[in-house]
Amino acid sequence: HGFRFGQGDIYVVVKLQAEQDVIKIDPHELLDARWMSPAVIKSLVADSTQVSSMVGKVSENTWKQMSPALDGPIMEGTSLPNSRGGKTSMLYTPGKL
């Protein structure tokens with residue numbers, strides 16, 4: 001991939017249950033964030049041997065790794081004191097079935 005800013009991109013997919021639909025983005029941390037259903041993500045799956053660019057697409061291998069997590073239990077977040085002070089840290093664990 002393109003290595004923007006001389007660094008590799010990191011994408012994180014987390015299954016959480018939203019308390020509200022609005023996502024507040026800190027522009028110093030994220031360029032974009034959005035809620036996506038598993039159906040929307042699956043619609044982005046492309047065969048990398050059949051397309052010239054994977055921009056905006058999800059590879060078949062990524063989908064294979066991601067889909068079991070999307071079908072599993074929802075994650076729960078627990079606020080923990082930060083050992084350095086200041087803001088609390090979050091510990092995420094699988095939710096109860």
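Rules of the game
Residues numbered from 1 in each chain as written. Predicted model: local features only at pLDDT ≥ 70, side-chain atom pairs only at ≥ 80, totals over all residues. Heavy atoms only, no water. Helix = DSSP H or I, 4+ residues; strand = E, 2+ residues; numbered from the N terminus. Buried < 20%, exposed > 50% of the residue type's maximum accessible area, 1.4 Å probe, protein only. Contact = heavy atoms within 4.5 Å. Areas by Shrake-Rupley, 256 points an atom, 1.4 Å probe, with all protein chains shown as cover. Salt bridge = Lys/Arg side-chain N within 4 Å of Asp/Glu carboxyl O. pLDDT = per-residue confidence, 0-100. Core = buried A, V, L, I, M, F, W, Y, C linked by side-chain atoms within 4.5 Å.

This brings us to the overall build of the chain. Along the chain, the regular secondary structure elements total two helices and four strands. Order of helices (α) and strands (β) in the chain, N terminus to C terminus: α-β-β-α-β-β. Burial status across the chain gives 8% buried among its 97 residues. Considering only residue pairs separated by 6 or more positions, the chain has 24% of its internal contacts joining residues 24 or more positions apart. Carbon and sulfur atoms make up 55% of the accessible area of the chain, which amounts to about 8,600 Å² in all.

Before going further, it helps to examine the pattern of salt bridges. By the definition in use, this model includes one salt bridge. With a closest N to O distance of 2.1 Å, Asp 32 and Arg 34 form a salt bridge. With relative accessibility at 56%, the residue Arg 34 sits in the exposed group.

What follows deals with the confidence of the model for the chain. Summary statistics for the chain give a mean pLDDT of 77 and a share of 78% for residues scoring 70 or more. The spread of mean pLDDT over the elements of the chain runs between strand S4 (residues 89–94), the lowest at 76, and helix H1 (residues 38–43), the highest at 91.

The next subject is the nonpolar core. With five residues, the main nonpolar core is built from Ile 41, Val 58, Trp 63, Met 66 and Leu 70. Residue contributions to this core peak at three residues, all from helix H2 (residues 60–71). Those residues in contact with Trp 63 that sit more than four places away from it in its chain are Pro 38, Ile 41, Lys 42, Val 45, Val 58, Pro 68 and Leu 70.

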